[in-house]
Amino acid sequence: MYLHVGADVVVALRQVIAIVNLRTVRKGGPTLELLDKLRRENRLIQVEGGEARSLVLTDAGGILSPISATTLKRRSESAVLLG
């Protein structure tokens, strides 16, 4: 089962660790520290299509998606139910 995170990017659901709403992230908080670390390690992918609204954290790194965390969560739940 796969999760479509925007543009032509999909990720296997078994690789997804967390889906984070970037609109609720505090400036200077731990999520931003994680984003900085992933950028420095070249393990962060930016999906085309607009401003990043969510972070999909995987076992390989992170994906910044223009799709809302709520929509991604709903898609992941649907994929599991249909799987």
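Above this note sits the structure.
Keep in mind the model is a prediction, meaning the values are calculated, not measured.

Caption draft 1: Fine view of the overall build of the chain. Within the chain one finds 2 helices and 6 strands. In terms of C-alpha radius of gyration, the chain reaches 12 Å, essentially the compact-globule figure of 12 Å for 83 residues. Counting only C-alpha atoms, the chain reaches 40 × 25 × 20 Å along its principal axes. By the burial criterion, 36% of the 83 residues in the chain qualify as buried. Considering only contacts in the chain between residues 6 or more positions apart, those separated by 24 or more positions represent 46%. Approximately 5,400 Å² of the chain is accessible, and the part contributed by carbon and sulfur atoms is 51%. Side chains of the chain carry 12 positive and 8 negative charges; the gap between the two charge centres is 5 Å.

Caption draft 2: Just the pairing of strand 2 (residues 9–12), in detail. Bridging between strand 1 (residues 2–6) and strand 2 involves 4 bridges; their strand directions are antiparallel. Directly across from Leu3, in strand 2, lies its bridge partner Val11. The antiparallel hairpin formed by strand 1 and strand 2 contains 2 residues in its connecting segment, where Ala7 sits at a positive phi of about 50°.

Caption draft 3: Quick look at the nonpolar core. Counting residues in hydrophobic clusters, the biggest one holds 10 residues: Leu3, Val5, Val11, Leu13, Val47, Val56, Ile63, Ile67, Leu72 and Ala79. Every residue in contact with Ile63, bar those within four places of it in the chain, is listed here: Val5, Val11, Leu44, Ile45, Val47, Ser54, Leu55, Val56 and Thr58. One finds Leu22, Leu35, Leu55 and Leu64 within the second-largest nonpolar core, a separate group that totals 8 residues.

Caption draft 4: The arrangement of the pattern of salt bridges in detail. A full pass over the atoms with the stated rule returns 4 salt bridges. We note a salt bridge from Arg39 to Asp36, for which the minimum N-O separation is 3.7 Å. On the criterion of helical spacing, the pair formed by Arg39 and Asp36 is a turn pair, its members being 3 residues apart in helix 1 (residues 30–40). Its salt-bridge partner being Glu41, residue Arg43 comes within 2.9 Å of it at the nearest N-O pair. Residue classification places Arg43 among the partly exposed residues on the basis of a relative accessible area of 33%. On the basis of relative accessible area, Glu41 is assigned to the partly exposed category, the value being 37%. One connected set of salt bridges, linked through shared partners, spans Lys37, Glu41 and Arg43.

Conventions we followed
- Residues numbered from 1 in each chain as written.
- Predicted model: local features only at pLDDT ≥ 70, side-chain atom pairs only at ≥ 80, totals over all residues.
- Heavy atoms only, no water.
- Helix = DSSP H or I, 4+ residues; strand = E, 2+ residues; numbered from the N terminus.
- Rg over C-alpha atoms; globule rule 2.2 N^0.38 Å.
- Buried < 20%, exposed > 50% of the residue type's maximum accessible area, 1.4 Å probe, protein only.
- Contact = heavy atoms within 4.5 Å.
- Areas by Shrake-Rupley, 256 points an atom, 1.4 Å probe, with all protein chains shown as cover.
- Lys, Arg positive; Asp, Glu negative; His and termini not counted.
- Charge placed at Lys NZ, Arg CZ, Asp CG, Glu CD.
- Pairing = 2+ DSSP bridges.
- Core = buried A, V, L, I, M, F, W, Y, C linked by side-chain atoms within 4.5 Å.
- Salt bridge = Lys/Arg side-chain N within 4 Å of Asp/Glu carboxyl O.

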